[in-house]
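Spelled out, the chains give:
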Amino acid sequence: MKLDVNALGTFYRMAQEGAGLAAGRLTQMTGVDTHVGVTKLNFMRGTEIRHDFDDETQNVGVRVELSGGIDGHSILVFDRGSAETIIDALLPDTEVGLGDELSQSAVTELGQIMNNGFVDGWADVLETAIDVSTPEYASGTSSADFFGDVEAAPEADDLALVFQSHIEAVGAETGFRHYLFPEHDSMAVLLERLRTNEGIEYDKLEGFDRMAEQGAEEVAKTATTLTGIETTVEIRRLNFVSLEAIPQEVANQRLVGVAFEFDGTPSGYLLFLFDEASASEIVDAMVPTDTGSSPDEFTEMDKSAIKELGNIMASGFLDGWANVLDTTIDHSTPEFIHDIGAAAVDPIVIQLGEDQDYAFVFDTTVVADGREFDCEVYAIPDESDLERALNDLDVSKIDETPTTAEFGDIEGT
């Protein structure tokens, strides 16, 4: 199976169009205004999907099977609070509990209408007909309760293309997650029809995802070594998104970060972002003082420590890519950032937007157990460079190539 940016761009427009129609139908049925959040094409492993269900919250959902223009399963999942809000809106004068026959019927009807909204949007973009099965109600606390028996859903270490859309009700505690798991053969036929160039072999993208996984683990090891704070990779995803959606993914709060531009095969941008409390804890661990650092004000020595941490994490991340690709990837000197989240990534989006509309984004969260340490890592390669790098990738070399970061003295200590 081969894919290219044009084909994925079409899928992305499908997801946006479907989300818009589904949101409109949610509003029509409940009377609650809705907002379509970020739409993404995720290349996700089964272990990453399970993170959406890790808090053991009771969820309810509706799934349908698709055939014709695209084969697969479309699944809506509401958490308990959202489902109860929707049931109250649909049955305002009726006292029913979640799981009652009447509430199941209401959720199933809503789910069918919203799933049809998604499907109608996809069919419009593809200019084809898509058949939808009778809706099936589902409930539970784990991903297996909703798509454990869906063949297209990825196993723990398998990489699958998953459509995800987030729609939220304005001023109400409700929202839902949407998943489309297309069948592999059906997706391959669509990709072949939509491709406009040679494209990228799917297993090369899967291999590059493994490279990013190694890079993320190197970032966590580097952070542990330099700060003494035990850190691990919590979430790691490869997204295909429109450039304009990237700032929406970043937390709407003041963040501290380090940005790099890297050049070679591939070229692009690498960004490490911390909330202010995490950045302060990093400084205290790397440059101990009697007074400690302020979470909203950083001295030149504090900035130097954060930049040095970012510099070594960047080297570990990118050196692994260069070793596997048998190429050279240089990165710029670190640029310190202290700004509202969207402002931290806007310059990158503007720069990339001169030549492309979409981007593959490696989105990783590194966390500490019991300590204030959250680090968001964004690696955004240039579109054309990434395609060349993937076509040259020898997948067999990925697990054979070690990555080791070099540690120096922190400037100013």
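As the structure is a prediction and not an experimental result, all values here were calculated from the model.

About the criteria used
- Residues numbered from 1 in each chain as written.
- Predicted model: local features only at pLDDT ≥ 70, side-chain atom pairs only at ≥ 80, totals over all residues.
- Heavy atoms only, no water.
- Helix = DSSP H or I, 4+ residues; strand = E, 2+ residues; numbered from the N terminus.
- Rg over C-alpha atoms; globule rule 2.2 N^0.38 Å.
- Buried < 20%, exposed > 50% of the residue type's maximum accessible area, 1.4 Å probe, protein only.
- Contact = heavy atoms within 4.5 Å.
- Core = buried A, V, L, I, M, F, W, Y, C linked by side-chain atoms within 4.5 Å.
- Salt bridge = Lys/Arg side-chain N within 4 Å of Asp/Glu carboxyl O.
- Pairing = 2+ DSSP bridges.
- Polar contact = N/O pair within 3.5 Å; in protein donor to acceptor, adjacent residues only side chain to side chain.
- UniProt positions renumbered as here; feature names shortened; annotations may be inferred.
- Axes fitted to C-alpha atoms, helices over the stretch in contact; angles between N-to-C directions.
- Left-handed = near helix turned anticlockwise from the far one by under 90°.
- Nonpolar A, V, L, I, M, F, W, Y, C, P; charged D, E, K, R; others polar.

**Side note on the overall build of the chain**
Okay, step 1: Broken down by element type, the chain carries 12 helices and 16 strands.
Okay, step 2: The C-alpha radius of gyration of the chain comes to 22 Å, within 12% of the 22 Å expected for a compact globule of 413 residues.
Okay, step 3: The burial tally for the chain puts 53% of its 413 residues in the buried class.
Okay, step 4: A sequence separation of at least 24 residues applies to 78% of the contacts in the chain between residues at least 6 apart.

**Some remarks on the nonpolar core**
Okay, step 1: Residues F11, F43, L270, F272, F274 and W321 are the most contacted members of the largest nonpolar core, which totals 119 residues.
Okay, step 2: Examining the composition of this core, we find that 12 residues originate from one element, helix α10 (residues 300-325), more than from any other.
Okay, step 3: Core analysis: the second largest hydrophobic core is formed by 15 residues, F146, A152, A160 and V162 among them.

**Describing the pattern of salt bridges**
Okay, step 1: Using the criterion set out here, one finds 9 salt bridges in the structure.
Okay, step 2: E136 serves as the salt-bridge partner of R63, at 3.2 Å between the closest nitrogen and oxygen. Taken together, the positions of R63 in strand β3 (residues 59-68) and E136 in strand β6 (residues 136-140) put the pair 73 residues apart, joining distant regions of the chain.
Okay, step 3: By relative accessible area, which is 10% here, R63 ends up buried.
Okay, step 4: Across the pair R63 and D149 runs a salt bridge, and its minimum N-O distance is 2.9 Å. In this pair, R63 sits in strand β3 while D149 sits in the loop between α5 (144-147) and β7 (159-169), placing the two residues 86 residues apart along the sequence.
Okay, step 5: In this structure D149 comes out as exposed when scored by relative accessible area, which is 59%.
Okay, step 6: Three or more residues are tied together by salt bridges with common partners; here these are R63, E136 and D149.

**Observations regarding the environment of L161**
Okay, step 1: Residue position: L161 is located in strand β7.
Okay, step 2: Given the relative accessible area of 10%, L161 is considered buried.
Okay, step 3: The spacing of L161 and E217 is 56 residues in sequence and 23 Å in space, taken between C-alpha atoms.
Okay, step 4: With sequence-adjacent residues up to four places away left out, L161 is seen in contact with L8, L41, N42, F43, L180, P182, M187 and Y202.

**Things to note about the pairing of strand β16 (residues 374-381)**
Okay, step 1: Burial runs high along β16: 6 of the 8 residues are buried.
Okay, step 2: One ladder, built from 7 bridges, connects strand β12 (residues 268-275) with β16; its direction is antiparallel. Bridge pairing in β16 places G268 opposite P381.
Okay, step 3: Two elements, strand β15 (residues 358-368) and β16, share 6 bridges in a ladder whose sense is antiparallel.

**A word on the side chain of E276**
Okay, step 1: For E276, the position within the fold is in helix α9 (residues 276-286).
Okay, step 2: Assessed through its relative accessible area of 18%, E276 is described here as buried.
Okay, step 3: A polar side-chain atom of E276 sits 3.4 Å from a polar atom in the side chain of R254.

**A few points about the UniProt feature "domain: CheC-like protein" (unreviewed entry) in the chain**
Okay, step 1: UniProt marks residues 301-337 with the feature "domain: CheC-like protein" (unreviewed entry), using the numbering shown here.
Okay, step 2: Taken end to end, residues 301-337 comprises 68% helix and 16% strand; its first and last C-alpha atoms sit 15 Å apart.

**Things to note about the packing of helix α1 (residues 5-30) against helix α6 (residues 184-194)**
Okay, step 1: α6 packs onto α1 with a crossing angle of 115° between their chain directions and a minimal axis gap of 8 Å. Note that α1 runs across α6; the crossing there is right-handed. Residue-level contacts link N6, A7, T10 and F11 of α1 to M187, L190, L191 and L194 of α6.
Okay, step 2: Among the residues forming the contact of α1 with α6, the class breakdown is 6 nonpolar, 2 polar and no charged.

**A few points about the environment of M1**
Okay, step 1: Its place among the elements puts M1 in the segment before β1 (2-3).
Okay, step 2: Looking at M1, the relative accessible area reads 26%, which means it is partly exposed.
Okay, step 3: Through-space distance from the C-alpha of M1 to that of V189 is 8.5 Å; in sequence the pair is 188 residues apart.

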